[in-house]
Amino acid sequence: MISYIIIDDEPIAHRIIEGYCEHLPQLKKAGNCFNAFEAMQLLNEQQIDLLFLDINMPRLSGLSFIKTLSNPPEIIITTAYKDHALEGYELNVCDYLLKPFSFERFMKAINKVSINITSLSKNGTSTPDDISLKRIFLKGNKRHHQIDIDHILFIEACGNYSKVVLLNESIVCHEKISTLEHMLPSKKFLRVHKSFLVALDHIDIIEGNRILIKQHKIPVGQTYKAAINHLIKH
């Protein structure tokens, strides 16, 4: 789960973000703050993974608030002002959403957050567990598909897209295989070829330079052979 708080002095902004978040079971609201000082108190009381932060707030702006944080969580700026985008990125915010933003654009920002949190977990510098990610949203066929990662058999690169093969269907999504590799937990998925990422739990047979998953035959690249040998020995 990704715990989040909304920091915005406009109640309607809270309702819009909450409405989007209700569609994403991996997000859990920890509080609503209407100024930076309320947010400071909440951050001191509990562990927060993500801030939805407005810039134009009374007394202390969103950007000034970020500068007060010694170890900030992931931050998505939500603002009607585009002039501060460069400064926001210089402060290492995860994404910068211009109001009014669509659910599609919101989802792109959440996927970035998921990738960052998972990457931090893999490096041992964050508290979320490497296998805590249970579902992701992928865009394909002009829809956003919620995917249970346990249903993924393997992923095949298709240029700048990826084909995600599931238990009962396949989806061509708008993410590169390298992006999905960083998004998904390393304890469950292994890159076995420059064009293939497989789910370890679904491997049926490893035979020479190929892997069998149900009726699918997946090649093992020469540079990935060592990882397969390590898997077999353990």
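Conventions adopted
- Residues numbered from 1 in each chain as written.
- Predicted model: local features only at pLDDT ≥ 70, side-chain atom pairs only at ≥ 80, totals over all residues.
- Heavy atoms only, no water.
- Helix = DSSP H or I, 4+ residues; strand = E, 2+ residues; numbered from the N terminus.
- Buried < 20%, exposed > 50% of the residue type's maximum accessible area, 1.4 Å probe, protein only.
- Contact = heavy atoms within 4.5 Å.
- Lys, Arg positive; Asp, Glu negative; His and termini not counted.
- Charge placed at Lys NZ, Arg CZ, Asp CG, Glu CD.
- Core = buried A, V, L, I, M, F, W, Y, C linked by side-chain atoms within 4.5 Å.
- pLDDT = per-residue confidence, 0-100.
- Pairing = 2+ DSSP bridges.
- Axes fitted to C-alpha atoms, helices over the stretch in contact; angles between N-to-C directions.
- UniProt positions renumbered as here; feature names shortened; annotations may be inferred.
- Arc of directions from axis to C-beta.
- Polar contact = N/O pair within 3.5 Å; in protein donor to acceptor, adjacent residues only side chain to side chain.
- Domains from an automatic or database assignment.
- Buried area = accessible area lost by both parts, 1.4 Å probe.
- Salt bridge = Lys/Arg side-chain N within 4 Å of Asp/Glu carboxyl O.
- Nonpolar A, V, L, I, M, F, W, Y, C, P; charged D, E, K, R; others polar.

1. Thoughts on the overall build of the chain
Counting its secondary structure elements, the chain contains 7 helices and 15 strands. In terms of overall dimensions, the chain has a C-alpha envelope of 65 × 35 × 30 Å along the principal axes. Counting over 234 residues, the chain shows a buried share of 46%. A fraction of 52% describes how many contacts in the chain between residues 6 or more apart in sequence connect residues 24 or more apart. Within the chain, the 26 negative side-chain charges are centred at a point lying 8 Å from the centre of the 27 positive side-chain charges.

2. With respect to the nonpolar core
As a rule of thumb, nonpolar side chains are buried together in soluble globular proteins. One finds Ile 5, Ile 7, Leu 51, Phe 65 and Ile 77 to be the most contacted residues of the largest nonpolar core, which totals 22 residues. Those elements that provide at least two residues to this core are β1 (2–7), α2 (36–45), β3 (50–53), α3 (62–67) and β4 (74–79). By residue number, the principal contributor to this core is α2, which donates 4 residues. Ignoring anything within four residues of it in the chain, the contact list for Phe 65 reads Ile 7, Ala 36, Ala 39, Met 40, Leu 43, Leu 51, Leu 53 and Leu 60.

3. Considering the confidence of the model for the chain
For the chain, the mean per-residue pLDDT works out to 87, and 93% of the residues sit at or above 70. Below pLDDT 50 for its whole length, residues 124–131 participates in 15 contacts with residues either more than four positions away or in separate chains.

4. A look at the sheet that holds strand β15 (residues 216–219)
The pairing of strands in a sheet happens through backbone hydrogen bonds and is either parallel or antiparallel. Read from one edge of the open sheet, 3 strands run β13-β14-β15, paired in antiparallel fashion. The open sheet has two free edges, formed respectively by β13 (205–207) and β15, since each of these has just one partner strand. Each adjacent strand pair in this sheet contributes to an overall mean axis angle of 25°, direction not counted.

5. Some details on the UniProt feature "domain: Response regulatory" (unreviewed entry) in the chain
The feature "domain: Response regulatory" (unreviewed entry), as given by UniProt, occupies residues 3–114 in the numbering adopted here. Spanning residues 3–114, this segment combines 40% helix with 23% strand, and its end C-alpha atoms are found 12 Å apart.

6. A closer look at the sheet that holds β4
Spatially, 5 strands are ordered β2-β1-β3-β4-β5 in an open sheet, and the strand pairing comes out parallel. Looking at strand neighbours, the two that pair on one side only are β2 (27–33) and β5 (95–98), the edges of this open sheet. Taken pair by pair, the neighbouring strands of this sheet meet at an average axis angle of 20°, ignoring direction. Each of β1, β2 and β3 is contacted by α2, which is oriented at about 130° to β2, the strand it contacts most.

7. Quick look at α2
Inspection of α2 places Ala 36, Ala 39, Leu 42 and Leu 43 among the buried residues, and these make up the whole buried set. Buried residues of α2, viewed axially, fall in a sector of 120°; they line one side. Set apart from the buried face of α2 by more than 90 degrees, the exposed residues are Gln 41, Asn 44 and Glu 45. Looking at the buried positions of α2, the neighbouring elements they touch are β1, β2, β3 and α3. The N-capping residue of α2, defined by a side-chain oxygen 3.0 Å from the backbone nitrogen of Phe 37, is Asn 35.

8. As for the environment of Phe 65
If you trace the backbone, Phe 65 turns up in helix α3. Under the relative-accessibility criterion, Phe 65 is labelled buried at 0%. Spatially, the C-alpha atom of Phe 65 lies 9.4 Å from that of Leu 53, the residues being 12 residues apart in sequence.

9. Considerations on the domain arrangement of the chain
Here the domain parsing of the chain yields domain 1 (2–121) and domain 2 (135–232). The interface of domain 1 with domain 2 comprises 10 residues on the first partner and 11 residues on the second. Here domain 1 meets domain 2 over a buried area of about 930 Å², counting both sides, of which 62% is carbon and sulfur. Taken as a group, Glu 104, Asn 111 and Ile 115 account for 43% of the area that domain 1 buries against domain 2, more than any other trio of residues on that side. On inspection of domain 1 and its partner domain 2, the count reaches 1 salt bridge. For Glu 104, the salt bridge goes to Lys 139, with nearest N and O atoms at 2.4 Å. Taken together, the residues of the side of domain 1 that touches domain 2 sort by class into 4 nonpolar, 5 polar and 1 charged.

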